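# A closer look at the structure
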Amino acid sequence: MGGSGSRLPRDLLDEYQANPFRHRICHVFSTADDGEDSMSFEDFLDMLNVFSDSATPEIKSHYAFRIFDFDDDGTLDKKDLENLVNCLTGEGEDGRLSAAEMEQLIQNILDESDIDKDGTINLSEFQHIISRSPDFTSSFKIVL
């Protein structure tokens, strides 16, 4: 393949490789039974559909929740939120928050998001918070 069409997969791959949630994205969209979190072509198309501009806010928030639910238990608990913050602030030690800063940030997130006050954020609570964030749907995408 020549021309500009040959750049598309490389551009997409570069954006995917730069995403701090790339392992979680692969895990969430993989339908493989081998535990390897490998994606089939159909899985890849499903992922592109969710990250496209045409996906609804409900679909985007559902998949964002699954990506952020690191232990796949259906809730975002303190450990999931800590993993989320670490992904967003970088893998290096200089990007990490102190233990006190992390605890305060997680508590602030829970105070704002945990409507039923059970110490976790469920999908409904997550979608409620996302609905109040007008930039979410435009930022939850992969640009081709």
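Residues numbered from 1 in each chain as written. Predicted model: local features only at pLDDT ≥ 70, side-chain atom pairs only at ≥ 80, totals over all residues. Heavy atoms only, no water.

The name given to the chain in an unreviewed UniProt entry is Calcium and integrin binding 1, with the source organism recorded as Salvator merianae.

### Concerning unusual backbone geometry
In this structure, Asp72 takes a positive phi of about 55 degrees despite not being glycine. Within the secondary structure layout, Asp72 lies in the loop between helix H4 (57-68) and helix H5 (78-89). According to the relative accessible area criterion, Asp72 is partly exposed, its value standing at 45%. The backbone of Lys117 shows a phi angle near 55 degrees, a positive value even though the residue is not glycine. Mapped onto the fold, Lys117 is located in the loop between helix H6 (99-113) and helix H7 (123-131). (Helix = DSSP H or I, 4+ residues; strand = E, 2+ residues; numbered from the N terminus. Buried < 20%, exposed > 50% of the residue type's maximum accessible area, 1.4 Å probe, protein only.)

### Section: the side chain of Glu125
Among the secondary structure elements, Glu125 is positioned in helix H7. One buried charge, Glu125, has no salt-bridge partner; the nearest side chain with opposite charge is Lys117, at 7.8 Å. Once you skip the residues sitting within four places of it in the chain, Glu125 turns out to touch Ser113, Asp114, Ile115, Asp116 and Thr120. (Lys, Arg positive; Asp, Glu negative; His and termini not counted. Salt bridge = Lys/Arg side-chain N within 4 Å of Asp/Glu carboxyl O. Contact = heavy atoms within 4.5 Å.)

### Overview of the packing of aromatic side chains
Evaluation of the coordinates by the stated rule reveals seven aromatic pairs. On the numbers, 6.0 Å between centres and 75 degrees between planes, the contact of Phe68 with Phe126 is edge-to-face. Within this pair, whereas Phe68 is found in helix H4, its partner Phe126 is found in helix H7, the two being separated by 58 residues in sequence. Considered together, Phe68 and Phe126 belong to a single accessibility category, that of buried residues. In this structure, Arg24 is placed above the aromatic ring of Phe70, and the distance from its NZ or CZ to the ring centre is 5.6 Å. (Phe/Tyr/Trp six-rings, centres within 6.5 Å; stacked < 30°, edge-to-face > 60°. Lys NZ or Arg CZ within 6 Å of the ring centre and 35° of its normal.)

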